Structure formats: structure tokens, C-alpha cells
Amino acid sequence: MSFLEQWVEHDYNPFIIFDTNGKVISLNQEAQYLLGEVTPKEIFDIAGAYANITYGFKTTILDLEFGAYKFYAITVGYQDEHQ
């Protein structure tokens, strides 16, 4: 596992990769805990709502709360229609 992969795995921020249908492809430890509070579909729908209109990454400041989890921003990124 590369340094970057280890960093993502052990980060306190949830990191989830979905396919185009909303199926979880990969997630880190913190995302596993988050998905105990909220369904993957809810997270996928939020990601779709805040995704950039064109390809790339977009960070949006907002207040999200799921059980004990409180977030103040979301970053959504995609490379093309499939990733």
C-alpha cells in the first residue's frame, strides 16, 4: 500500500468511491463508521447534488449531520461519466 493509500485509509474524514450506479467500490475506515449511521444511497445522492457540472473536483461548505457525525464541507470529484 502506497503512502497516499495509507493516508486515505487512516484519515478521520470519510472517503467513499462510488460507481455510476451508486454502488460503493472503495471506502476508508472512517467511511465504514459513517455508513453505520446513513445509507450509501443517501451519501451518493448528496454527492450527486454537490458535484461539479463539469468534470473535476468541487468543495462546498455546508452543514451535514448524521447521528454523531457533523461535517462542514463536502468534496466531490469525478474524472468522466464512469469514474
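Conventions used here
- Residues numbered from 1 in each chain as written.
- Predicted model: local features only at pLDDT ≥ 70, side-chain atom pairs only at ≥ 80, totals over all residues.
- Heavy atoms only, no water.
- Helix = DSSP H or I, 4+ residues; strand = E, 2+ residues; numbered from the N terminus.
- Rg over C-alpha atoms; globule rule 2.2 N^0.38 Å.
- Buried < 20%, exposed > 50% of the residue type's maximum accessible area, 1.4 Å probe, protein only.
- Lys, Arg positive; Asp, Glu negative; His and termini not counted.
- Charge placed at Lys NZ, Arg CZ, Asp CG, Glu CD.
- Patch = residues over 30% accessible without salt bridge, like charges linked within 9 Å, V, L, I, M, F, W, Y side chains within 5 Å.
- Areas by Shrake-Rupley, 256 points an atom, 1.4 Å probe, with all protein chains shown as cover.
- Salt bridge = Lys/Arg side-chain N within 4 Å of Asp/Glu carboxyl O.
- Polar contact = N/O pair within 3.5 Å; in protein donor to acceptor, adjacent residues only side chain to side chain.
- Phe/Tyr/Trp six-rings, centres within 6.5 Å; stacked < 30°, edge-to-face > 60°.

Draft legend 1. Representation of the overall build of the protein chain. Within the protein chain, the secondary structure is distributed over three helices and four strands. Element order for the protein chain, N to C, with α for helix and β for strand: α-β-β-α-α-β-β. The globule rule puts the C-alpha radius of gyration for 83 residues at 12 Å, and the 13 Å found for the protein chain is close to it. The dimensions of the protein chain, computed from C-alpha atoms along their principal axes, are 30 × 30 × 25 Å. The burial tally for the protein chain puts 27% of its 83 residues in the buried class. Within the protein chain, the 12 negative side-chain charges are centred at a point lying 6 Å from the centre of the 4 positive side-chain charges.

Draft legend 2. Structural context of a nonpolar patch on the surface. The grouping of Phe3, Leu4 and Trp7 at the surface amounts to a nonpolar patch, some 420 Å² of accessible area in total. Here Leu4 is to be found in helix α1 (residues 3–10). Looking at Leu4, the relative accessible area reads 55%, which means it is exposed.

Draft legend 3. Broad picture of the side chain of Glu9. Here Glu9 shows up in helix α1. The buried charged residue Glu9 lacks any salt bridge, with Lys23 as its nearest oppositely charged partner at 17 Å. Polar contacts involving the side chain of Glu9 include one to the side chain of Gln29, which spans 3.4 Å.

Draft legend 4. Structural detail: the pattern of salt bridges. Taken as a whole and assessed by the stated rule, the structure comprises one salt bridge. In this structure, Lys41 engages Asp45 in a salt bridge whose closest nitrogen and oxygen atoms are separated by 2.8 Å. With Lys41 and Asp45 both in helix α3 (residues 40–50) and four residues apart, this pair spans about one turn of that helix.

Draft legend 5. Layout of the packing of aromatic side chains. Tallied over the full model, the rule gives four aromatic pairs. For the pair Tyr55 and Tyr78, a centre-to-centre distance of 5.5 Å together with 85° between the ring planes defines the contact as edge-to-face. Placement of the pair is Tyr55 in the loop between α3 and β3 (56–66) and Tyr78 in strand β4 (residues 69–78), with a sequence separation of 23 residues. Note on Tyr55: relative accessible area 45%, which makes it partly exposed. Look at Tyr69 and Phe71: their rings are 5.9 Å apart centre to centre, the planes differ by 15°, and that puts the pair in the stacked class. Across the pair, Phe71 and Tyr69 agree in class, each one buried.

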